[in-house]
Amino acid sequence: MSETGELTLQIHGATALITIDHPRKRNAMTTQMWSAWPALMERVVADDSVRVVVVTGAAGHFCAGADISELDAILDNDRPTDAHEAIARCPKPTIAAINGSCVGGGVLMAGACDIRIAGLSSRFGVPPANLGLVYPPIPLERLVRLIGPAATKYLVFTAELIGGERARHIGFIDELLPDDVVLHRALALADDIARRSQLSIQATKDLVDRMVGHTLTDDRVAAWMDQVASSPDFAEGTSAFLERRKAHFTWNGAGLPE
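Notes on the structure in this doc start here. (Residues numbered from 1 in each chain as written. Predicted model: local features only at pLDDT ≥ 70, side-chain atom pairs only at ≥ 80, totals over all residues. Heavy atoms only, no water.)

Take unusual backbone geometry next. If you check the backbone angles, Ala-159 has positive phi at about 55° while not being a glycine. We classify Ala-159 as buried; its relative accessible area is 15%. With a phi angle near 55°, His-214 is a residue other than glycine that sits in the positive phi range. Of note, His-214 is situated in the loop between helix H9 (198–212) and helix H10 (218–230). Among the residues examined, His-214 registers a relative accessible area of 73% and is labelled exposed. (Buried < 20%, exposed > 50% of the residue type's maximum accessible area, 1.4 Å probe, protein only. Helix = DSSP H or I, 4+ residues; strand = E, 2+ residues; numbered from the N terminus.)

Next comes the structure, spelled out in structure tokens:
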């Protein structure tokens, strides 16, 4: 565990596990930690052995947001938004494994992931109204897309901490589990996703994100259909189904549309 705060990366089979490690401050993010996200995500995207990314926090908490002692320095730049966007733009599936505090920038970080699994101890809050801040529009818009404008306004207006049950009710959490199984479940789910066709998964992630961002074009759809036509995954998946065996998918992003 780090006293000053860091992001650690471990590779478990086809899963990259990124841990937010600043336990002395409930994994609050320092300027240096925010700055580390883009390069770290580039590293896991470039690693062909990695198919899924899991993000978690050390010592029983996910992330308490920005380190208040460095808030002036953090607000002086776009590093938090760059970090959130680096996670959101990852073409590979991302899973947040959440226990304890998930507040402020931690909520936006978890919201940038594709799937969120939380423990019963988890607490969520969006506290800029306690600090006189306004969140940048890009991560704020992502939160609105996830939980809707009414729930977003409620969390911001009240700065209230809500529990996992409420977070699941408003659609922020996909699964709510006992604390001690959250990371195990996230890693098991990552293993399961890693065995599926990455062509199907990455294409769907790209298309869905472009749909909600209103940037989907016919050319983009056609590019993915060309991938299906040139990839062995469809023939392998069909054969495996007919032969009642597990499929061995091999598409690895070669020829991926830009």
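Under the counting rule described, the total for this entry stands at 2 aromatic pairs. Considering the side-chain rings of Phe-124 and Phe-172, the 5.7 Å spacing of their centres and the 70° angle between planes classify their relative orientation as edge-to-face. Of this pair, Phe-124 sits in strand E7 (residues 123–125) while Phe-172 sits in the loop between helix H7 (164–169) and strand E9 (175–177), and the two are 48 residues apart along the sequence. Across the pair, Phe-172 and Phe-124 agree in class, each one buried. Measuring from ring centre to ring centre gives 6.2 Å for Trp-224 and Trp-251, while their planes differ by 50°; the resulting arrangement is tilted. With Trp-224 in helix H10 and Trp-251 in the segment after helix H11 (233–243), this residue pair connects regions lying 27 residues apart in the sequence. One exposure class covers both Trp-224 and Trp-251, and it is buried. (Phe/Tyr/Trp six-rings, centres within 6.5 Å; stacked < 30°, edge-to-face > 60°.)

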